[in-house]
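Structure at a glance
The primary structure of each chain is shown beneath.
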Amino acid sequence: RYEPTWDSLDARPLPAWFDEAKFGVFIHWGVFSVPSFGSEWFWWYWQKEKREPYVKFMDTNYPPGFSYEDFGPLFTAEFFDANQWADILKDSGAKYVVLTSKHHEGFTLWGSKYSWNWNAVDVGPKRDLVAELATSIRNRTDLHFGLYHSLFEWFNPLFLEDATNAFKTRKFPTSKSLPELYEIVTKYQPEIIWSDGDGNAPDTYWNSTGFLAWLYNDSPVRDTVVTNDRWGAGSICAHGGFFTCSDRYSPGRLLPRKWENCMTIDRSSWGYRRDARLRDYLAIEDLVKELAETVSCGGNLLMNVGPTHDGRVAVVFEERLRQVGAWLKVNGEAIYGTKPWRAQNDTVTPGVWYTFSPKEEKVNAIFLNWPVSGVLELGEPRAKLGETQVKLAGYKELLKWVALGEKGMVIALPQLTPQQLPCQWGWTLQLTDVN
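Residues numbered from 1 in each chain as written. Predicted model: local features only at pLDDT ≥ 70, side-chain atom pairs only at ≥ 80, totals over all residues. Heavy atoms only, no water.

1. Description of the packing of helix α5 (residues 82–91) against helix α6 (residues 129–140)
Definition in use: Between N-to-C directions, angles span 0 to 180 degrees; the directions come from axes that are lines fitted to C-alpha atoms, helices contributing only their stretch in contact. Every helix listed is a DSSP run of H or I at least four residues long, and every strand listed is a run of E at least two residues long, numbered separately from the N terminus. Note on angle classes: values under 35 degrees are labelled roughly parallel, values over 145 roughly antiparallel, values of 65 to 115 roughly perpendicular, and the remainder oblique. Note: crossing handedness is left-handed where the near helix turns anticlockwise from the far helix by less than a right angle, and right-handed where it turns clockwise. Here, residues are in contact when the closest pair of their heavy atoms is within 4.5 Å.
Where α5 meets α6, the closest approach of the two axes is 8 Å, and the angle between their N-to-C directions is 50 degrees. On the basis of their axis angle, the class for α5 and α6 is oblique. The interaxial crossing formed by α5 with α6 has right-handed handedness. Facing Ala82, Asn83, Trp85, Ala86, Asp87, Leu89 and Lys90 of α5, the residues of α6 in contact are Glu132, Leu133, Ser136, Ile137 and Arg140.

2. Re the sheet that holds strand β13 (residues 409–412)
The strands making up a sheet associate through hydrogen bonds between their backbones, and the pairing can be parallel or antiparallel. To keep things clear, this is the line we draw: Strand pairing is defined by DSSP finding a minimum of two bridges between the two strands.
The strand order across the open sheet formed by three strands is β10-β13-β12, and the pairing between neighbours is antiparallel. The open sheet has two free edges, formed respectively by β10 (375–378) and β12 (401–403), since each of these has just one partner strand. Averaged over all neighbouring strand pairs, the angle between strand axes comes to 15 degrees, with direction disregarded. Note: β10 against β13, four bridges, orientation antiparallel. Bridged to valine 375 within β13 is alanine 412.

3. Brief notes about the state of the cysteines
Convention followed: Disulfide assignment relies on a single distance test, namely cysteine sulfur atoms paired within 2.5 Å. Using a 1.4 Å probe on the protein chains alone, a residue whose accessible area is under 20% of its type maximum counts as buried, one over 50% counts as exposed, and one in between counts as partly exposed.
Tallied over the full model, the rule gives one disulfide. For cysteine 237, the disulfide goes to cysteine 245, at an S-S distance of 2.0 Å. The sign of the S-S torsion, about 70 degrees, decides the handedness of the disulfide formed by cysteine 237 and cysteine 245: right-handed. On the basis of relative accessibility, which here comes to 36%, the residue cysteine 237 falls in the partly exposed class. Cysteine 262 carries a free sulfur, and the closest cysteine sulfur to it, the one in cysteine 245, is 9.9 Å from it. Accessibility expressed as a relative area gives 0% for cysteine 262, which makes it buried. Just so you know, cysteine 297 is unpaired, no disulfide at all, and the nearest cysteine sulfur is the one on cysteine 245, 13 Å from it. The buried category is assigned to cysteine 297, whose relative accessible area is 0%.

4. A word on the UniProt feature "domain: Alpha-L-fucosidase C-terminal" (unreviewed entry) in the protein chain
Just so we agree on the cut-off: UniProt positions are given in the numbering used here, feature names are shortened, and annotations may be inferred rather than shown by experiment.
The residues that UniProt annotates with the feature "domain: Alpha-L-fucosidase C-terminal" (unreviewed entry) are residues 344–432. Summarising residues 344–432: 0% helix, 37% strand, and an end-to-end C-alpha distance of 17 Å.

5. Structural notes on the packing of aromatic side chains
Inclusion rule: Two aromatic rings, drawn from Phe, Tyr or Trp (for Trp, its six-membered ring), form a pair once their centres lie within 6.5 Å of each other, and the interplanar angle then sorts them: stacked below 30 degrees, edge-to-face above 60, tilted otherwise.
Applying the stated rule across the entire model yields 55 aromatic pairs. Taking the centre distance of 5.7 Å and the plane angle of 75 degrees together, the rings of tyrosine 68 and phenylalanine 71 count as edge-to-face. Across the pair, phenylalanine 71 and tyrosine 68 agree in class, each one buried. With a centroid separation of 5.8 Å and 40 degrees between ring planes, the pair formed by phenylalanine 159 and phenylalanine 167 is classed as tilted. Accessibility classification places phenylalanine 159 together with phenylalanine 167 in one group, the buried group.

6. Re the nonpolar core
Quick note on the threshold: Think of a nonpolar core as a cluster: buried Ala, Val, Leu, Ile, Met, Phe, Trp, Tyr and Cys residues, connected wherever their side-chain atoms sit within 4.5 Å. The domain limits used here are those given by an automatic or database domain assignment.
Counting residues in each nonpolar core, the largest one holds 127 residues, and the members touching the most others are Ile27, Leu378 and Leu429. Mapped onto the domain boundaries, this core takes at least three residues apiece from domain 1 (6–334) and domain 2 (339–432). Look past the residues within four positions of leucine 429 in its chain and what remains in contact with it is Val363, Asn364, Ala365, Phe367, Leu376, Leu378, Val390, Lys391, Leu392, Leu399, Ile411 and Leu413. Membership of the second largest hydrophobic core comes to 14 residues, among which are Ala21, Tyr148, Trp194 and Trp270.

7. Observations regarding helix α8 (residues 171–188)
Spelled out, the test is: Residue count minus one, scaled by 1.5 Å, sets the expected span of a helix. Bend, in this description, refers to the angle at a residue between axes fitted to the seven residues ending there and the seven starting there.
Along its 18 residues, α8 runs 25 Å from first to last C-alpha, staying within 8% of the 26 Å computed at 1.5 Å per residue. The sharpest bend along α8 comes to roughly 30 degrees, located at leucine 178, with the proline proline 179 sitting one to four residues further on. Buried residues of α8: Phe172, Pro173, Lys176, Ser177, Leu178, Pro179, Glu180, Leu181, Glu183, Ile184, Val185 and Tyr188, and no others. Looking one or two residues beyond α8, the residue adopting positive phi is glutamine 189, at roughly 45 degrees.

8. Points about the UniProt feature "domain: Glycoside hydrolase family 29 N-terminal" (unreviewed entry) in the protein chain
The sites that UniProt annotates as "domain: Glycoside hydrolase family 29 N-terminal" (unreviewed entry) are residues 1–333. Annotated as residues 1–333, this span is 36% helix and 12% strand, and its ends, taken at the C-alpha atoms, are 36 Å apart.

9. So, the pattern of salt bridges
The cut-off we apply is this: By definition here, a salt bridge exists when the distance from a side-chain nitrogen of Lys or Arg to a carboxyl oxygen of Asp or Glu is within 4 Å.
Across all of its chains, the model carries 26 salt bridges by this definition. Across the salt bridge formed by lysine 339 and aspartate 19, the nearest N and O atoms sit 2.9 Å from each other. In this pair, lysine 339 is assigned in the loop between α12 (315–331) and β8 (352–357) and aspartate 19 in helix α2 (residues 16–21), connecting sequence segments 320 residues apart. For lysine 339, a relative accessible area of 38% gives the class partly exposed. With a relative accessible area of 18%, aspartate 19 lands in the buried category. Salt bridges sharing common partners tie together Asp19, Lys22, Lys258 and Lys339.

10. What to know about the domain arrangement of the protein chain
Just so we agree on the cut-off: Put simply, buried area is the surface a 1.4 Å probe can reach on two separate parts but cannot reach once they are joined, added for both.
Domain boundaries in the protein chain define domain 1 (6–334) and domain 2 (339–432). Between the C-alpha centres of domain 1 and domain 2 there is a distance of 36 Å. If you look at the interface, domain 1 gives 18 residues, while domain 2 gives 20 residues. Between domain 1 and domain 2, the buried area comes to about 1700 Å², and carbon and sulfur atoms account for 65% of it.

Here you go:
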């Protein structure tokens, strides 16, 4: 059994499915999707920091005295179709999904007993959105279902009172935050608990180790659940399950601990923004590069979309997800279930990232630029004459190659028209029998 100490909890082996999955989709959805302006931190920027664009937006578009709580009933989700979401997620090639069950605004997407009149069953959609998505994911896909949960809430009076007392009192975690965590685990059995938002309070205030000991010892998901590292001030990149370290974390090198790069397709926001421009969205080429780089360095990629207040996955997000799925149909063997190789990227040709498939003993070289010469030079693999074979994923014939001394090889790529290419953005060479 695990003790409620970091020494004990950090020693728990990460369930194998998480490392094998490699790719997940993050969904930021909540009352912030109603103003859908600037950022999911809308309430904080408008009311606390009083940032000019936010104040002006409210003055121009809403009557005087309109409060953030007044957005609650406008979070309607009338177009939310959990089956449709599940089908898009399945087609994205993702192996897990993480939904914001509650962001820093405190609004729960399920009918929480601990969030009276500030939840999706009492206000707005009048539906249990967490239950609907969980059911569809489990009925229609093989994705693992996960939930994000914010420990703190910006404007909760109990949290503000505890903060004023320098966190010597613990009214908020004992009456709100912790009961919610036990509630979502017991009710929805998520296989990822993605914690966030420590409010500058230490893990002892949140009793994070107590909760995690229960989660790993006695909860209904104790054998399969994975957790991140955001369990109180000072725990990030130090304690918990896999490390996230910071938003959009991409070290570009191998780390000793399993990590995850959580990032957004919209460069500026996690929630949906009506004011976004096309240039604000990452292109599919950017996403393929991010995925290849992250996986080669031992990480998972958690790619975020923000649905609209009425429950739609915006067409631009759907397109990106389906494009990644199309790429993974061809190149998935270089991603799923792989391990980092001895070299993460190539020393001679930039934009080449390596992974290793242990079952087939294959080295995968994902290259992001198709060379004009039709010849690709790799500085890292040690090829063996008469033994090493080179294949292009999605293409039948073996490729010709020559060795470059002790280390390195030059590979002749097939002469293909754009229509004949196995995919459009990034390609995989599969090398067998290389040292």
